[in-house]
Amino acid sequence: LLRKECCPIWPTDNSSCGEASGRGTCQDIVISNAPVGAQFPFSGIDDRENWPFVFYNRTCQCQGNFTGYNCGECKFGYTGPNCDIRRNLIRKEIFKMTTAEKDKFIAYLNLAKRTISPDYVISTGTYEQMGNGSNPMFADINVYDLFVWMHYYASRDAFLEDGGVWENIDFAHEAPGFLPWHRLFLLVWEREIQKVAGDENFTIPCWDWRV
């Protein structure tokens, strides 16, 4: 937090962002300079503005088909040691799943609820409350609740400097990012369930709401 750098080691080659294996490098973050929409008439009061610049301004920039916080994973749709093997997974409509498939789905969710995330923690305060990084405020969380928290964090009200709350904003739902944000959210959630369950073929079922 004090260095404002998030470039973790990839354990396989013991280098930051897997640089020794050509997976990625630690780079400055480039953020958009587009103006904020009129629905948020503030600047510099919310940790989520120009995310993640408040917390860190350098992070792993992965190359090729590598991704993840330390470039240690493959992009969605790829697998293999070098992430160069194309991979297709099928999502079943939830009402067409067999009883065994539904039972497995529920079992995996329960497992995620009981498993503390080995890779992620959640913040329990703002960057200002953390003394601009000198007093870290984080907590462990289980894999299921991690994604509950992420959805809350992206959509919660904005905290104002005077202790007030700005309720007329929802960064996750009231902007053009609604669809791509939720698509990435579900893909990452699906991957974390795969890792917890040790089942790389697990997919989240879809729901045909027209039926």
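Residues numbered from 1 in each chain as written. Predicted model: local features only at pLDDT ≥ 70, side-chain atom pairs only at ≥ 80, totals over all residues. Heavy atoms only, no water.

The following threshold applies: UniProt positions are given in the numbering used here, feature names are shortened, and annotations may be inferred rather than shown by experiment.
Per an unreviewed UniProt entry, the protein chain goes by the name Tyrosinase and belongs to Polypedates megacephalus. The heading Subcellular location (unreviewed entry) in the UniProt record of the protein chain holds the text "Melanosome membrane".

**Details of the state of the cysteines**
The cut-off we apply is this: Working definition: a disulfide is two cysteine sulfur atoms within 2.5 Å of each other.
On inspection of all chains with the given rule, the structure shows 4 disulfides. Each sulfur in the disulfide pair cysteine 62 and cysteine 71 lies 2.1 Å from the other. Negative torsions about the S-S bond denote left-handed disulfides, and the value of about -95° found for cysteine 62 with cysteine 71 makes this one left-handed. Each sulfur in the disulfide pair cysteine 74 and cysteine 83 lies 2.0 Å from the other. In this structure, the disulfide formed by cysteine 74 and cysteine 83 twists by about -80° around the S-S bond and is classed as left-handed.

**Looking at the pattern of salt bridges**
Spelled out, the test is: By definition here, a salt bridge exists when the distance from a side-chain nitrogen of Lys or Arg to a carboxyl oxygen of Asp or Glu is within 4 Å. The helix and strand labels rest on DSSP assignments: H or I over at least four residues marks a helix, E over at least two residues marks a strand, and numbering proceeds from the N terminus. For the exposure calls, accessible area comes from a 1.4 Å probe over protein chains only, and a residue counts as buried if that area is under 20% of its type's maximum, exposed if over 50%, partly exposed in between.
Under the criterion given, the structure shown has 13 salt bridges. Of the charged contacts in the structure, one is a salt bridge between glutamate 5 and arginine 58, with a shortest N-O distance of 3.0 Å. Taken together, the residues glutamate 5 in strand S1 (residues 5-6) and arginine 58 in strand S5 (residues 58-62) connect sequence positions 53 residues apart. Classification of glutamate 5 by relative accessible area gives partly exposed; the value is 31%. For aspartate 199, the salt bridge goes to lysine 104, with nearest N and O atoms at 3.7 Å. Here aspartate 199, found in the segment after helix H3 (178-197), pairs with lysine 104, found in helix H1 (residues 99-114); they are 95 residues apart in sequence, far enough to count as distant. A residue is classified by how much of its surface remains accessible, and lysine 104, at 40% relative accessible area, is partly exposed.

**Some words on the nonpolar core**
Note the following rule: Each nonpolar core is a collection of buried residues, namely Ala, Val, Leu, Ile, Met, Phe, Trp, Tyr and Cys, held together in the definition by side-chain atoms within 4.5 Å. Here a residue-residue contact requires only that any non-hydrogen atoms of the pair lie within 4.5 Å.
Residues Trp189, Ile193 and Phe202 are the most contacted members of the largest nonpolar core, which totals 20 residues. At the level of elements, H1, helix H2 (143-155) and H3 are the ones that each hand at least two residues to this core. Looking at this core, the element that brings in the most residues is H2, giving 5 residues. Not counting residues up to four positions away in its chain, the partners in contact with isoleucine 193 are Tyr108, Leu109, Ala112 and Phe202.

**With respect to the side chain of aspartate 199**
Looking at aspartate 199, the relative accessible area reads 14%, which means it is buried. Beyond its immediate chain neighbours, meaning those up to four positions away, aspartate 199 contacts Lys104, Tyr108 and Gln194.

**Let's talk about the UniProt feature "domain: Tyrosinase copper-binding" (unreviewed entry) in the protein chain**
Taking the UniProt record as the reference, the feature "domain: Tyrosinase copper-binding" (unreviewed entry) is found at residues 173-190. For residues 173-190, the end-to-end C-alpha separation is 20 Å, with 72% helix and 0% strand making up the annotated structure.

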